[in-house]
Amino acid sequence: DQQVKQNSPSLSVQEGRISILNCDYTNSMFDYFLWYKKYPAEGPTFLISISSIKDKNEDGRFTVFLNKSAKHLSLHIVPSQPGDSAVYFCAVSMYSGGGADGLTFGKGTHLIIQP
Amino acid sequence: DAGVIQSPRHEVTEMGQEVTLRCKPISGHDYLFWYRQTMMRGLELLIYFNNNVPIDDSGMPEDRFSAKMPNASFSTLKIQPSEPRDSAVYFCASSHTHRGPYNEQFFGPGTRLTVL
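The structure reproduced in this document is the subject of the present report. If you're wondering where the values come from, they're calculated on a predicted model, not measured in any experiment.

### Some points on the overall build of chain B
Counting secondary structure elements, chain B contains zero helices and eleven strands. Put simply, chain B runs from its N terminus to its C terminus through helices and strands in the order β-β-β-β-β-β-β-β-β-β-β. What you see for chain B is a C-alpha radius of gyration of 14 Å, in line with the 13 Å of a compact globule of 116 residues. Here the C-alpha coordinates of chain B stretch approximately 40 × 30 × 25 Å along the principal axes. Relative to its 116 residues, chain B shows a buried fraction of 48%.

Below you can see the structure in the form of structure tokens.
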């Protein structure tokens, strides 16, 4: 049973417009939420994260929104650029107090930015 | 910093053979993770280490899989014997506790394993 769901396998957006990627999770115990970006033949790279005590975190063109009651996470990219074309993974984690934990990933959304 | 280094980048082997994947984490990182990516299951955690000690291996699919971390700068993931269903991309990642609880993990480029 998938704990993290990204229901859109792909998304096509015009350059300059807003890209919105969505993610749903099932376990309310998750504390930390991350977005990773992956290009072909490379490993995922960290993009942005948010803790469960916040509902928004911004970093330049990237903003992550967290709706805990709906168990929903979204990533907004404004404006979208051709270099943003990649697969985006939502990931969740539980902080175990003493240190890090493994990440649980969604299956990814392939974002395609059209010129 | 060189980042997380994995070798080999590609491995093609025949069913029944032993396969060893290698990982060098970022210097100073105290956590090391092994993940596997397949079309069916996506990216899934296999095992992770803290200060060279295995913490959670519940994601290791079968006894054919084993992982070791003999020192802070080296880890191996071994499959013996390998089967076609083990074909996947295997990623190693590392992180540092003192970066905070956001658990930002740094991934290597992956090893693409094909078992014929």
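Text resumes after the structure shown.
### Details of the sheet that holds strand 3 (residues 19–24) of chain B
All names here are of chain B. Read from one edge to the other, the open sheet built from four strands follows the order 1-3-8-7, with strand pairing classed as antiparallel. At either end of the open sheet lies a strand with only one pairing partner, and these are strand 1 (5–7) and strand 7 (65–71). For this sheet, the mean inter-axis angle between neighbouring strands, taken without regard to orientation, is 15°. As paired strands, strand 7 and strand 8 (residues 74–79) are joined by five bridges and run antiparallel to one another. Each bridged residue has a counterpart across the sheet, and for A67 the counterpart in strand 8 is L77.

### Some thoughts on the pattern of salt bridges
All names here are of chain B. If you walk through the whole model with that rule in mind, you get ten salt bridges over all chains. In this structure, the salt-bridge partner of R64 is E62, at a minimum N-O distance of 2.8 Å. By relative accessible area, which is 25% here, E62 ends up partly exposed. The shortest N-O distance in the salt bridge between E83 and R85 comes to 2.6 Å.

### What to know about the environment of R17 of chain A
Residue and element names in this part refer to chain A. Mapped onto the elements, R17 comes out in the loop between strand 2 (10–14) and strand 3 (19–25). Accessibility expressed as a relative area gives 54% for R17, which makes it exposed. Here the alpha-carbon distance between R17 and Q114, two residues 97 residues apart in the chain, equals 9.9 Å. Look past the residues within four positions of R17 in its chain and what remains in contact with it is I77, P79 and S80.

### Re the interface of chain A and chain B
The figure often quoted for interface size is the accessible area lost as the parts come together. Contact with chain A, which involves 24 residues of that partner, is made by 23 residues of chain B. The junction of chain A with chain B conceals about 1,800 Å² of combined surface from both sides, 59% of it contributed by carbon and sulfur atoms. At the boundary of chain A and chain B, one finds zero salt bridges. For the interface between chain A and chain B, the tally reads four residue pairs in polar contact (both at pLDDT 80 or more). Looking at the side of chain A that touches chain B, the elements that each hand over two or more residues are strand 4 (32–38), strand 5 (45–51) and strand 9 (86–93) of chain A. Across the side of chain A that touches chain B, the residue classes tally to twelve nonpolar, seven polar and five charged.

### A word on the sheet that holds strand 7 (residues 62–67) of chain A
Residue and element names in this part refer to chain A. In space, the five strands of this open sheet follow the order 1-3-8-7-6, with antiparallel pairing throughout. The open sheet is flanked by strand 1 (4–5) and strand 6 (56–59), the only strands paired with a single partner. Note: strand 7 against strand 8 (residues 72–77), six bridges, orientation antiparallel. Residue pairing in the sheet places N67 in a bridge with H72 of strand 8.

### Description of the nonpolar core
Residue and element names in this part refer to chain A. Among the nonpolar cores identified, the biggest contains 23 residues, and F33, W35, L73, L75 and Y88 are the most heavily contacted of them. Every element with two or more residues in this core is listed here: strand 3, strand 4, strand 5, strand 7, strand 8, strand 9 and strand 11 (109–114). Looking at this core element by element, the count peaks at four residues for strand 9. The residues contacting F33, other than those within four sequence positions of it, are Y25, I48, S49, I50, S52, L66, L73, A91 and V92.

Parameters at a glance
Residues numbered from 1 in each chain as written. Chains lettered and ligands numbered in written order. Predicted model: local features only at pLDDT ≥ 70, side-chain atom pairs only at ≥ 80, totals over all residues. Heavy atoms only, no water. Helix = DSSP H or I, 4+ residues; strand = E, 2+ residues; numbered from the N terminus. Rg over C-alpha atoms; globule rule 2.2 N^0.38 Å. Buried < 20%, exposed > 50% of the residue type's maximum accessible area, 1.4 Å probe, protein only. Pairing = 2+ DSSP bridges. Axes fitted to C-alpha atoms, helices over the stretch in contact; angles between N-to-C directions. Salt bridge = Lys/Arg side-chain N within 4 Å of Asp/Glu carboxyl O. Contact = heavy atoms within 4.5 Å. Buried area = accessible area lost by both parts, 1.4 Å probe. Polar contact = N/O pair within 3.5 Å; in protein donor to acceptor, adjacent residues only side chain to side chain. Nonpolar A, V, L, I, M, F, W, Y, C, P; charged D, E, K, R; others polar. Core = buried A, V, L, I, M, F, W, Y, C linked by side-chain atoms within 4.5 Å.

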